[in-house]
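# Observations on chain architecture
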Amino acid sequence: MTGPTTSARDRDIRSFGVGAALGLAGHVLAFLAGFIAAGMGGPGTGQGFADLAAVAVTFLVIEAVTALACLVGAGIGFARRRSHLAAGLLTGWAVGILAALVIVKG
């Protein structure tokens, strides 16, 4: 034996964790982009709710892209028999959606 080997279970857990982290990363990106969009509007531009609309549109567009990417990525993962990675991606995405709803609703 040349060194420590990882068992199949350890690899499955690691790939599930990587998928979950990637699924959550899209939601973090959406929140950060919303904050950046809010800062770009600047106070007192006199355009009513334009700054709020920019935040909402930015957040929702990135969330839609994240949903599409996670669903397509998970489908490809299941098709390539990387089920733990695909399940982690879907789980991370779903947990992120629930967390986003809790944060947005207050």
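Here we summarise the structure given alongside this text. (Residues numbered from 1 in each chain as written. Predicted model: local features only at pLDDT ≥ 70, side-chain atom pairs only at ≥ 80, totals over all residues. Heavy atoms only, no water.)

### Topic: the nonpolar core
What counts, and what does not: Put simply, buried Ala, Val, Leu, Ile, Met, Phe, Trp, Tyr and Cys residues joined by side-chain atoms within 4.5 Å make one nonpolar core. Partly exposed describes any residue whose relative accessible area lies between the buried limit of under 20% and the exposed limit of over 50%, with all areas from a 1.4 Å probe on protein chains only and scaled to the type maximum. Helix numbers and strand numbers start at the N terminus; a helix is a DSSP run of H or I with at least 4 residues, a strand a run of E with at least 2. Any two residues having at least one pair of non-hydrogen atoms within 4.5 Å are treated as being in contact.
Grouped together as the largest cluster of nonpolar side chains are 6 residues: Ala-67, Cys-70, Ala-74, Ala-86, Leu-89 and Trp-93. If you list the elements that add at least two residues to this core, you get helix H2 (50-79) and helix H3 (83-105). Residue contacts for Leu-89: discarding those within four places in its chain leaves Gly-19, Ala-20, Leu-22, Gly-23, Cys-70, Gly-73 and Ala-74. Ala-30, Ala-33, Phe-59 and Ala-100 belong to the second-largest nonpolar core, a separate cluster that totals 5 residues.

### Quick notes on the environment of Ala-37
Tracing the chain through its elements places Ala-37 in helix H1 (residues 8-41). On the basis of relative accessibility, which here comes to 12%, the residue Ala-37 falls in the buried class. For the pair Ala-37 and Val-55, spaced 18 residues apart in sequence, the C-alpha separation works out to 5.4 Å. Beyond its immediate stretch of four places on either side in the chain, Ala-37 contacts Ala-54, Val-55 and Thr-58.

### A look at H3
How we decide: Multiply 1.5 Å by the residue count of a helix minus one, and that product is the helix's expected span.
Taking 1.5 Å per residue, 23 residues should reach 33 Å; H3 reaches 33 Å between its end C-alpha atoms and fits that length. Phi for Gly-106, located one or two positions after H3, is positive at around 85 degrees.

### A word on the packing of aromatic side chains
The geometry of an aromatic ring pair is captured by the separation of the ring centres together with the interplanar angle, meaning the angle of the planes. The criterion, for reference: Only rings of Phe, Tyr and Trp enter the pairing, Trp through its six-membered ring, and a pair is recorded when the two centres are within 6.5 Å. The plane angle decides the type: under 30 degrees is stacked, over 60 is edge-to-face, the rest tilted.
One pass over the full model with this rule turns up 1 aromatic pair. Measuring from centroid to centroid gives 5.1 Å for Phe-31 and Phe-59, while their planes differ by 55 degrees, and the two rings are tilted. Pair noted here: Phe-31 is in helix H1 and Phe-59 is in helix H2, with a separation of 28 residues, a long-range link. You can call Phe-31 partly exposed: its relative accessible area is 23%. Under the relative-accessibility criterion, Phe-59 is labelled buried at 16%.

### Some words on a nonpolar patch on the surface
We apply this condition: Candidate patch residues must exceed 30% relative accessible area and have no salt bridge, after which like charges are joined if within 9 Å and Val, Leu, Ile, Met, Phe, Trp or Tyr side chains if within 5 Å. Residue exposure ignores everything except the shown protein chains as possible cover, and the areas themselves are Shrake-Rupley values with a 1.4 Å probe. Here, a salt bridge means any side-chain nitrogen of Lys or Arg that lies within 4 Å of a carboxyl oxygen of Asp or Glu.
Where nonpolar side chains cluster on the molecular surface, the patch consists of Val-57, Val-61 and Val-65 and spans about 260 Å² of accessible area. Examined against the element boundaries, Val-65 turns out to sit in helix H2.

### Focus: the packing of H2 against H3
Stated precisely, the cut-off is as follows: An axis is simply a line fitted to the C-alpha atoms; with a helix, the fit covers only the stretch in contact. Between two such axes, the angle follows the N-to-C directions and lies from 0 to 180 degrees. Each angle is binned into one of four classes, with values under 35 degrees roughly parallel, values over 145 roughly antiparallel, values of 65 to 115 roughly perpendicular, and all other values oblique. Throughout, a crossing is termed right-handed when the near helix is turned clockwise from the far one, and left-handed when it is turned anticlockwise from it by less than a right angle. All amino acids are sorted into three groups, where Ala, Val, Leu, Ile, Met, Phe, Trp, Tyr, Cys and Pro are nonpolar, Asp, Glu, Lys and Arg are charged, and the leftover types, Gly among them, are polar.
In the contact formed by H2 and H3, the axes pass within 7 Å of each other and the chain directions differ by 160 degrees. Relative to H3, the element H2 is oriented roughly antiparallel. When you trace H2 past H3, the crossing you get is left-handed. Contacts between H2 and H3 pair Phe-59, Glu-63, Thr-66, Ala-67, Cys-70, Leu-71, Gly-73, Ala-74, Gly-77 and Phe-78 from the former with Ser-83, Ala-86, Ala-87, Leu-89, Leu-90, Trp-93, Ile-97 and Ala-100 from the latter. Grouping the amino acids of the contact of H2 with H3 by side-chain chemistry returns 13 nonpolar, 4 polar and 1 charged.

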